[in-house]
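# Structure at a glance
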Amino acid sequence: MICLGIEGTAHTIGIGLVEDINGRCHILSNVIKIYKPKHGGGIHPREAANHHATYVADLIKESIKKADIEYADIDLVAFSKGPGLGPCLRTAATAARALSLSLNKPIMGVNHCVAHLEIGRGTIEKCRDPVLLYVSGANTQVIAFAEGKYRVFGETLDIGIGNCLDKFGRYIGLDFPCGPKIEKLAEKGKQYLELPYSIKGMDIAFSGLLTAAEQYVKHGKKIEDICYSIQETTFAALTEVTERAMAHTEKDEVLLGGGVACNKRLREMVKTMAQERDAHFFVPSHDLCVDNGAMIAWLGLLMYKSGIRMNVENSHIDQRFRTDRVDVSWRD
Ligand code: ATP
Ligand code: FE2
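Starting afresh in each chain, residues are numbered from 1 along the sequence in its written order. Here chains are named by letter from A upward and ligands by number from 1 upward, in the order in which they appear as written. Owing to the predicted nature of the model, reporting of local features is limited to residues with pLDDT of at least 70; listing and counting of side-chain atom pairs is limited to 80 or more, with chain, interface and lining totals taken over all residues. Excluded from the side-chain calculations are hydrogens and water; all other atoms, namely the structure's heavy atoms, are used.

### Looking at the domain arrangement of the chain
The line we're drawing: Domain delimitation in this document rests on an assignment produced automatically or drawn from a domain database. The term buried area means the drop in 1.4 Å probe accessible area that two parts suffer when joined, counted for both and summed. By salt bridge we mean one thing: a side-chain nitrogen of Lys or Arg within 4 Å of a carboxyl oxygen of Asp or Glu. We define a polar contact as two N or O atoms separated by no more than 3.5 Å, with the added condition that, inside protein, one atom must be a possible hydrogen donor and the other a possible acceptor, whereas residues neighbouring each other in sequence contribute only through side-chain atom pairs. Strands are runs of DSSP state E lasting at least 2 residues, helices are runs of H or I lasting at least 4, and numbering of each runs from the N terminus. Classification used: nonpolar for Ala, Val, Leu, Ile, Met, Phe, Trp, Tyr, Cys and Pro, charged for Asp, Glu, Lys and Arg, polar for all others including Gly.
Assigned domains of the chain: these are domain 1 (2-117 + 288-325) and domain 2 (129-283). Computed over C-alpha atoms only, the centres of domain 1 and domain 2 are separated by 26 Å. Summed over both partners, the interface of domain 1 with domain 2 comes to about 1,600 Å²; 67% of that surface belongs to carbon and sulfur atoms. When the buried surface of domain 1 facing domain 2 is broken down by residue, Leu117, Cys289 and Thr323 rank first, second and third, together holding 36% of it. Between domain 1 and domain 2 we count one salt bridge in total. In this structure, glutamate 155 and arginine 322 form a salt bridge, with 3.4 Å as the shortest nitrogen-oxygen distance. Along the contact surface separating domain 1 from domain 2 lie five residue pairs in polar contact (both at pLDDT 80 or more). Per element, the largest residue contribution to the side of domain 1 that touches domain 2 is five residues, and it comes from helix H3 (residues 112-123). For the side of domain 1 that touches domain 2, a count of residues per class yields eight nonpolar, seven polar and four charged.

Listed below in C-alpha cells is the structure:
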C-alpha cells in the first residue's frame, strides 16, 4: 500500500510518499519547501499559507517523479490535521482533498505530534515503544504510549524550545532558523552564566530564561557564553523531564523528534541520560526529524490499515488537536 502525505502545520510544506513493506515504513520520496519569515520577523500565518499554496502542486509532482511511480499507484492521501496554524493547515487539507477527489482515493487527517513518534517506530528497526522528546519551533512535548493512548507527560507552559532559540537569535540579529546558528556560537562558549531553570511538575517554561538571556546581551556579556548557557540550561531541563517520563512509564527507549533534535549537544545529553539508564537512544535522520510529508503519510497508512476511515466531508482541520485525543487503534 502506498500513501502520499501532505505536511503543512507551520513553516514547512512537505510531500512524502511511503510504502508499507511487511509493516515497515519504506520511504519512496520526501520533499519539503520551507517558508522563511521576511525581515527576520516571526511566522506570518497567511504568508506561510500562501507560500504553501504556491509550492504544493509542484512538490506533489516532484515527489511522484522522485518515487518513480504513477498517480494511479497512490492508495491513500494523508494530511496534517493539526495542531498548527489555521491558514497553513487549511491549505494542506485543501490540497489533500483535491488530490483525494481527483484520484478517487481515500483521505486521512492525522495528528502531527503522533506522526513524529510513529516515523521513528516505522523506520528505526529497534525502536518499538519509545518516550518521544519532541522539540520543534512551536512544540515541546514529552510523549509516550500508555493505557491505549499517546499521552503528554510534560510540555512547555509557554513557548516551544525552537521558538525560544529563534526569538533569542532574532534579538541578536540572526536569520531564521536561528537554532543551528546558536548551536555554532554555543560551541565557542566557555563561561556558564546562570539562567532560570523552570520545571514545574513535569512541565517546562522558557520565557523567563529568554528575558534573562536578553538582559545578559544588554549587559555586554559574550554572545557565545550566552548561547552556551541557553543550550546547557534548556537542554538539561528537557533531558530531566524526559528521564522522569521514562522512569514513570518504565520504558527503556528514548526517541528524539522535531527540528531542535538536529542539535548535537541536545543529542549528547539525552544519549548520556539513556546510557546511564541502560536505555536505547534513537534519533531519525535529519529529513525525518524536521517537519515532513513522509511521517504524515506513514501515520495515515497505519490508521487506514487499522480500520479508521474518513471522507472529504469530515476531513476538517483542528488547530488545537491534542496528542491524547488520538484514538490509537493501530497499537496493542
Ligand atoms: P512544528 O510545527 O512542529 O512546531 P516547525 O515549523 O518549528 O515545526 P521544525 O522543522 O520541526 O519546524 O523545527 C524548526 C525549529 O528547529 C526552528 O525553531 C529551528 O531554529 C530549530 N532548529 C533546527 N536546527 C537546529 C539546531 N541544530 N539546533 C537547535 N535548533 C534547531
Ligand atoms: Fe513538527
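### Looking at the site of ligand 1
To keep things clear, this is the line we draw: Near residues are defined by distance, with any heavy atom within 4 Å of the molecule or strand qualifying the residue. Values of accessible area rely on a 1.4 Å probe in the Shrake-Rupley scheme; residue burial ignores everything except the protein chains shown. In this analysis, the protein atoms alone were mapped onto a 1 Å grid. Cavities are point sets where a 1.4 Å probe fits without being able to get out; pockets are open sets with protein on both sides within 12 Å along at least five of seven lines; lining residues have an atom within 4 Å of a point. A cavity or pocket is said to hold a molecule if more than half of that molecule's atoms lie within 2 Å of its grid points.
Taken together, the neighbourhood of ligand 1 is formed by 24 residues, with Tyr134, Ser136, Gly137, Asp166 and Asp291 sitting nearest. Contact with the protein chains hides 92% of the accessible area of ligand 1, taken as 640 Å² for the molecule alone. Applying the majority rule of atoms within 2 Å of the grid points places ligand 1 in the largest pocket. Those elements that provide at least two residues to the shell around ligand 1 are helix H4 (161-171) and helix H5 (179-187). Residue composition of the shell around ligand 1, grouped by class: 10 nonpolar, 11 polar and three charged. Looking at which domains feed residues into the shell around ligand 1, each of domain 1 (2-117 + 288-325) and domain 2 (129-283) supplies at least three.

### Thoughts on the pairing of strand E7 (residues 140-146)
This is how it is decided: Remark: exposure states derive from per-residue accessible area (1.4 Å probe, protein chains only) relative to the maximum for the residue type, with buried under 20%, exposed over 50%, and partly exposed in between. Strands are treated as partners if at least two bridges between them are detected by DSSP.
When you tally the buried positions in E7, you get seven out of seven residues, the bulk of the element. Here E7 shows two buried faces, one formed by Thr140, Val142, Ala144 and Ala146 and the other by Gln141, Ile143 and Phe145. Judged from the four bridges that link them, strand E6 (residues 131-135) and E7 form a sheet pairing that is antiparallel. Bridge pairing in E7 places leucine 133 opposite valine 142. Connecting the antiparallel pair E6 and E7 is a turn made up of four residues.

### So, the pattern of salt bridges
Scanning the entire structure with this criterion turns up 14 salt bridges. The closest approach of N and O atoms between lysine 61 and aspartate 58, which form a salt bridge, is 3.8 Å. Residue lysine 61 and its partner aspartate 58 are located together in helix H1 (residues 45-67), separated by three residues, close to a single helical turn. Aspartate 58 gets classed as partly exposed once you look at its relative accessible area, which sits at 47%. Between aspartate 129 and arginine 331 there is a salt bridge whose closest N-O contact spans 2.9 Å. With aspartate 129 in the loop between H3 and E6 and arginine 331 in the segment after helix H10 (293-305), this pair connects stretches of sequence that are 202 residues apart.

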